[in-house]
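So the chains spell out like this:
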Amino acid sequence: MTGAVVARTERRWWLRSNASLAGVLVLIGAVSLVGATVSDRFLSVGNFLNVFEQTTDLALVSIGQTLTILSGGIDLSVGSLISLTSCLTSGLINNDPNRVIAVVIGVLALGTLVGFVNAGLVVALRVHPLIVTLGMGAVLQGATLLYALGPVGRVPRGFNFLAYGRIYGLPLGATIAVLLCLLIALLLRYLPLGRQIYALGDDANAARLVGLRRTRILMLVYGCSGFCCAATGLYLAARFGVGQPYTGVNYTLASITPVVLGGTLLSGGKGGVSGTLLGAFLIALLNNLLNFMDVSKHYQLVAQAVIIMLAVSVYVERRRTV
Amino acid sequence: MSERLTTSAELPRAIAASWSLLRLLGRFGMILILPVLLGLGGLLSPAFLGASNLSNLLLQFAPLAIVAMGQAFVMIVRGLDLSVASMMATAAVIATSLSGSAGGIAAVFAATLAVAVAIGVLNGLLVTKRQVSPFLATLATMILLQGFRFAYTQGAPSGNVPPLLRLLGAGRFHGIPYDALVLLALAAGLAVLLHRSAFGRRIFIVGGNPMTARLFGIRSDLVMIGCYVISACLAATAGLILSGYVGLVDNWVGQGYELDSIVACVIGQVSLQGGRGSILGALAGSAMIVIIANEVLLLGLPIQVQMIIKGTAIVIAAALYARRQIGLDD
C-alpha cells in the first residue's frame, strides 16, 4: 500500500516538476487538432517531418541559449555570431569541396572561442552578461560587415545535404539538433558541471559560498552557446547555399522564445533543453498550421505573439499554485 | 543630556558626510565622463565641437534620451521594455497614415496616445496580473505590434510625415533643435515625478522590495502598470519625433532603440535588478552612446567600425560604472 502511495506521489512529483513540459505537449496537441480540422494532410508523417526539418535552426540556437539562461545569464550575441559564421562558411569554402572539413571545424572552433571570450569578459569585468553579449553582438556584426557587405562565397553542391538531406527518411540537420539536445540533457543531468549550472543560476551567491568555480561553469555555458550558434550558421549557409551578413539578426530574440516556452525560467536555475526542443517544434508547427490556413505572414507574427502570451501566462499560474 | 542628544544626532550625520563625497562621485561619475568624451571628440576631429555638430548631437540625442527615460521607469520596478522600438515604429506609421485625414495632427496625437496607453496597460497587466517575466511580455507585445503594423501597411507604409512633426524632429529654434526643447520639458517633468512625488517614491519602494511595498499597502500592480504606460507613451513620442527627423516612414523606425535604451540606462546606473536609477542617469547614458556614435562618424570610419567601437565602448563603460550594482563582489 505504501508502495502505491509512493508511486502516486512520485508520479505527481514528476507531473509537477515537468508541468511546463506537459504544457508544451498540450499546446502541440491542440495545434495538431486544429490542424487536423483544417487539412487532412496536416497530420501526415510527411508534414511532421517537414516541420521537424524547419525546426532545425531555431532548435540549434535555442539549445545553447537554454544553457546561458539556466546559468542565470543570457546570450544576446547569438544573432551576430550566426551571421558571422554563416558568412565565413560560404566565404572560406568558396565552392571548393576540399576545404569543407577544415572550414567546418574552424567555424565551430571560432564559435566556441567567441563564447569563451563572452564568459571571460563576464567574469573579468564583472559586467552583466546582457551587456557583455550585447556589446559582443555589435562587435561581431561589425566584423561580419567588414568581411562581407552582401552575400558572399558559395558552398559546394553536396554541402546542402546538411540542410536538405535525409537519412532513413529523417532530416539530417534536425536529427543532429536532437542528438545535440540529448547530449546536453545528459550532461546537465549527470555531470557535476551540469548540476553546477543549475546551482549557479538558482543562487549565484550560494554557489560562490559552496565554492563552485563560476569561471569554469560560465566557460562551458557560453562556449556551448557559441558552438550552437556556429552550428546554426553552418546550417543556414547550407540551406541558402550562401552566407549573408544579416542572416542571423532575428535569432537574437527569437532564440529566447522556445527556451521560455519549454519551461525554463528566465531568471535561471530551473528548466532544461528537452523543453526547449519541444518549444522550437511548437513554433515551427504553429507557423506550419498558419501556412495551411493561408494566413498572411503578417498575422503569423500576431498569432505567434498571442501564443507566447498565452503559454507564459498559463505556466505562471501553474507555478504559483505549486 | 542635551549635549548627548546632539552628539548622537551629529555622529551619523558626520559619517554620512564623509561618505557622501564618494557616494556623490559614484552617483554622478557617469556625468563627469561626458566632458571628457566631448573633449576627446574635439581633439580627434576639430569639427566635433563646432556649433552645428553640437546642434546635430542634440537633435540625435533627444529621441534616444526620451526612450531611455521611459526605460528607466520600467527598469526601476524590476522590468524591461523590449516593445519600445516597435512602439516607435507604430507611432510613426500612425502619424503618416493619419496625416491626410480630417482631424490632422490632433487625430495623430490622439490615436498614438491611445495605442501607447493600450500597449503599456497590456504590458503591465501581463507582468503584474499574470506574472509573466517582463522580458517575455514585452517581447510578445513587440511581435504583436510588428504583426499588426505589417498587416496594416501591407509591408509598405505610405503617406507623408505631418509638417508639425517635421518641425519637431528636424527644426531648430535659434540653433537649438525643437526636439531638445521637448526633451528638456519632458525630463524636468519626469524628474519631478520620479524623484519628488509620492508616486515616484512608490516606484522606488516597489522596485527596491516588493514585499515592503505590499506591507506598506502600496498597490504595486498599479504602480508597475503606470511605469509601463509611461514607457510606452514616451516611446510613442520618440517615434513621432524620429519620424519627423528621418522625414519618411518605414516599418522599422526606431529599430535598435530597445537595446540601446537599456544599455543607456545601465551605463547611467539604472539597476538591472530594480530599485535604483535616475532620470539624470538615463540622460547621461544616452548622451554617451550618441557622442560615441557621432565621434566615430566624424572620424570618417566606415559604419562597420562604428559598430565595433560602439560595442566595445558599451562593455567598457558598463565595466567602469555598472559593476557595483550587479552585486557579484567575489
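A. Inspection of the overall build of chain B at higher detail. A count of helical and extended segments in chain B gives 14 helices and 2 strands. Counting across all 330 residues of chain B, residues that qualify as buried make up 52%. A separation of at least 24 residues holds for 78% of the contacts in chain B among residues at least 6 apart in sequence. Entry remark: accessible area of chain B is about 14500 Å², with carbon and sulfur atoms responsible for 69%.

B. Spotlight on the packing of helix 6 (residues 163-170) of chain B against helix 10 (residues 220-246) of chain B. All names here are of chain B. Taken N-terminus to C-terminus, the directions of helix 6 and helix 10 make an angle of 90°; their axes are 7 Å apart at the nearest point. By the criterion of interaxial angle, the relationship of helix 6 to helix 10 is roughly perpendicular. Judged by residue contacts, Leu 165, Arg 166, Leu 168, Gly 169 and Ala 170 of helix 6 engage Leu 240, Ile 241, Ser 243, Gly 244 and Tyr 245 from helix 10. The residue makeup of the contact of helix 6 with helix 10, split by class, is 6 nonpolar, 3 polar and 1 charged.

C. View of the nonpolar core. Ranked by size, the top nonpolar core spans 183 residues in total, and within it A:Ile256 and B:Met69 carry the most contacts. The element that contributes the greatest number of residues to this core is helix 10 of chain B, accounting for 16 residues. Apart from the residues lying within four places of it in its own chain, the contact partners of B:Met69 are B:Leu183, B:Leu186, B:Ala187, B:Leu190, B:Leu234, B:Ile279, B:Ala282 and B:Leu283.

D. How the structure looks around the pattern of salt bridges. For the structure shown, the criterion picks out 4 salt bridges over all chains. Put simply, A:Asp96 and A:Arg99 hold a salt bridge, and the shortest N to O gap is 3.3 Å. For the salt bridge of B:Asp221 with B:Lys129, the shortest nitrogen-to-oxygen distance reads 3.0 Å. On the criterion of sequence distance, the pair formed by B:Asp221 in helix 10 and B:Lys129 in the loop between helix 4 (105-128) and helix 5 (134-153) is long-range, its members being 92 residues apart. Taking relative accessible area as the criterion, B:Lys129 reaches 44% and is therefore assigned partly exposed.

E. Broad picture of the packing of helix 4 (residues 78-93) of chain A against helix 6 (residues 129-147) of chain A. Residues and elements named next belong to chain A. At a closest axis distance of 8 Å, the pairing of helix 4 and helix 6 adopts a crossing angle of 25°. As the angle between them shows, helix 4 and helix 6 are arranged roughly parallel. The chirality of how helix 4 crosses helix 6 is left-handed. When helix 4 is examined against helix 6, the residues Ser 80, Leu 81, Ser 83, Leu 84, Cys 87, Leu 88, Gly 91 and Leu 92 are found in contact with a partner set consisting of Gly 137, Leu 140, Gln 141, Thr 144 and Tyr 147. In the contact of helix 4 with helix 6, the residues fall into 7 nonpolar, 6 polar and no charged.

F. Highlighting a nonpolar patch on the surface. Taken together, the side chains of B:Leu40, B:Leu44, B:Leu299, B:Leu301 and B:Ile309 make up a nonpolar region of the molecular surface, amounting to roughly 390 Å² of accessible area. Looking at the secondary structure, you find B:Leu299 in the loop between helix 12 (279-298) and helix 13 (303-321).

G. Highlighting the interface of chain A and chain B. Tallying the contact residues gives 41 residues for chain A and 42 residues for chain B. For the chain A and chain B pair, buried surface summed over both sides reaches about 3900 Å², with 78% attributable to carbon and sulfur atoms. Our count for the chain A to chain B interface comes out at 0 salt bridges. For the pair chain A and chain B, the interface holds 1 residue pair in polar contact (both at pLDDT 80 or more). For the side of chain A that touches chain B, the secondary structure elements donating two or more residues are helix 6, helix 10 (204-210), helix 13 (256-261) and helix 15 (297-321) of chain A. Among the elements that line the side of chain A that touches chain B, the one with the most residues is helix 15 of chain A, at 14 residues. Here the residues of the side of chain A that touches chain B are counted per class, giving 29 nonpolar, 7 polar and 5 charged.

H. Fine view of unusual backbone geometry. Residue and element names in this part refer to chain A. A positive phi angle is found at Asn 95, which is not glycine, with a value near 65°. Tracing the sequence through the fold places Asn 95 in the loop between helix 4 and helix 5 (100-125). We classify Asn 95 as partly exposed; its relative accessible area is 33%. Although it is not a glycine, Asp 294 sits at a positive phi angle of roughly 65°. Looking at the element boundaries, Asp 294 is found in the loop between helix 14 (273-292) and helix 15.

I. Layout of the packing of aromatic side chains. Residue and element names in this part refer to chain A. Scanning all chains against the criterion turns up 3 aromatic pairs over all chains. Taking the centre distance of 5.5 Å and the plane angle of 80° together, the rings of Phe 42 and Phe 292 count as edge-to-face. With Phe 42 in the loop between helix 2 (19-38) and helix 3 (45-70) and Phe 292 in helix 14, this pair connects stretches of sequence that are 250 residues apart. Residue classification places Phe 42 among the buried residues on the basis of a relative accessible area of 0%. Between Phe 48 and Phe 281, the aromatic rings sit 6.0 Å apart at their centres with planes inclined by 40°, giving tilted as the arrangement. Of the two residues, Phe 48 sits in helix 3 while Phe 281 sits in helix 14, which places them 233 residues apart along the sequence. Through pairs of rings, three or more aromatic residues link up here, namely Phe 42, Phe 48, Phe 281 and Phe 292.

J. How the structure looks around helix 9 (residues 192-202) of chain A. Residue and element names in this part refer to chain A. Along helix 9, the residues that are buried comprise Gly 194, Ile 197, Tyr 198, Leu 200 and Gly 201. Buried positions in helix 9, seen along its axis, are confined to an arc of 165° and lie on one side of it. In helix 9, those exposed residues whose orientation departs by more than 90 degrees from the buried face are Pro 192 and Asp 202. In this fold, the buried residues of helix 9 make contact with helix 3, helix 8 (172-190), helix 10 and helix 11 (214-240).

K. Inspection of empty space enclosed by the protein at higher detail. All names here are of chain B. Enumeration over the complete set of coordinates arrives at 1 cavity of 30 Å³ or more. The space that makes up the largest cavity amounts to roughly 40 Å³. Contributing to the lining of the largest cavity are Ile 267, Met 288, Ile 289, Ile 292, Lys 310, Ala 313, Ile 314 and Ala 317. Contributions of two or more residues to the lining of the largest cavity are made by helix 12 and helix 13. Among the elements that take part in the lining of the largest cavity, helix 13 stands out by supplying 4 residues, more than any other. Considered class by class, the residues forming the lining of the largest cavity number 7 nonpolar, no polar and 1 charged.

L. View of the state of the cysteines. Residue and element names in this part refer to chain A. In the structure shown here, the tally under the stated rule is 0 disulfides over all chains. With no disulfide of its own, Cys 228 lies closest to Cys 224 among cysteine sulfurs, the gap being 6.3 Å. Judged by relative accessible area, which is 1%, Cys 228 ranks as buried.

M. Focus on the environment of A:Cys87. Checked against the element boundaries, A:Cys87 lands in helix 4. Separated by 156 residues in sequence, A:Cys87 and A:Gly243 place their C-alpha atoms 4.0 Å apart.

N. Structural context of the confidence of the model for chain A. Residues and elements named next belong to chain A. Taken as a whole, chain A shows an average pLDDT of 87; of its residues, 91% reach a score of 70 or greater. Of all helices and strands in chain A, the one with the weakest mean pLDDT is helix 1 (residues 2-17) (63), whereas helix 11 scores best (95). Note that pLDDT drops below 50 for residues 317-322; the model gives that stretch 8 contacts with residues more than four away or on any other chain.

Conventions and cut-offs
- Throughout, residues of each chain are indexed from 1 in the direction in which the sequence is written.
- Starting at A for chains and at 1 for ligands, labels are handed out in the order in which the entities are written.
- Selection of residues for local features in this predicted model requires a pLDDT of at least 70, selection of side-chain atom pairs for listing and counting requires 80 or more, and totals for whole chains, interfaces and linings are taken over all residues.
- Here the side-chain values reflect all heavy atoms present in the structure, with hydrogen atoms and water set aside.
- In this description a helix means any DSSP run of H or I spanning at least four residues, a strand means any run of E spanning at least two, and both kinds are numbered starting from the N terminus.
- Type-normalised accessible area, obtained with a 1.4 Å probe on protein chains alone, sets the label of each residue: buried when under 20%, exposed when over 50%, and partly exposed for intermediate values.
- Whether two residues are in contact is decided by their heavy atoms: any pair within 4.5 Å suffices.
- Calculation of accessible area relied on Shrake-Rupley with a 1.4 Å probe; when residues are assessed, cover is drawn exclusively from the protein chains displayed.
- Lines fitted to C-alpha atoms define the axes, with helix axes restricted to the stretch in contact, and inter-axis angles between N-to-C directions lie between 0 and 180 degrees.
- Orientation categories follow fixed angle ranges, with anything under 35 degrees roughly parallel, anything over 145 roughly antiparallel, 65 to 115 roughly perpendicular, and all other angles oblique.
- Three classes are used: nonpolar for Ala, Val, Leu, Ile, Met, Phe, Trp, Tyr, Cys and Pro, charged for Asp, Glu, Lys and Arg, and polar for all others, with Gly counted as polar.
- We call a set of buried Ala, Val, Leu, Ile, Met, Phe, Trp, Tyr and Cys residues a nonpolar core when their side-chain atoms join them within 4.5 Å.
- Salt bridges are defined as contacts in which a side-chain nitrogen from Lys or Arg sits within 4 Å of a carboxyl oxygen from Asp or Glu.
- When the near helix sits turned anticlockwise from the far one by under a right angle, the crossing is termed left-handed; a clockwise turn instead gives a right-handed crossing.
- Nonpolar side chains (Val, Leu, Ile, Met, Phe, Trp, Tyr) are joined into patches within 5 Å and like charges within 9 Å, using only residues with over 30% relative accessible area and no salt bridge.
- Two parts lose some accessible area (1.4 Å probe) when they are put together, and adding that loss for both gives the buried area.
- The term polar contact refers here to a pair of N or O atoms within 3.5 Å; inside protein, the definition further demands a hydrogen-donor-capable atom paired with an acceptor-capable atom, and it admits residues adjacent in sequence only when both atoms are side-chain atoms.
- We call Phe, Tyr and Trp rings a pair once their centres come within 6.5 Å, taking the six-membered ring for Trp, and we label the pair stacked below 30 degrees between planes, edge-to-face above 60, and tilted otherwise.
- Directions from the helix axis toward the C-beta atoms define the arc.
- The definitions used throughout rest on a 1 Å grid laid over the protein atoms alone, on which a cavity is an enclosed set of points accommodating a 1.4 Å probe that cannot get out and a pocket is an open set flanked by protein within 12 Å on both sides along at least five of seven lines; lining residues are those having an atom within 4 Å of a point.
- Grid points are joined across faces, edges and corners, and a volume is the space filled by probe spheres set on the points.
- Put simply, a disulfide is two cysteine sulfurs that come within 2.5 Å.
- pLDDT measures the predictor's confidence residue by residue and takes values from 0 up to 100.

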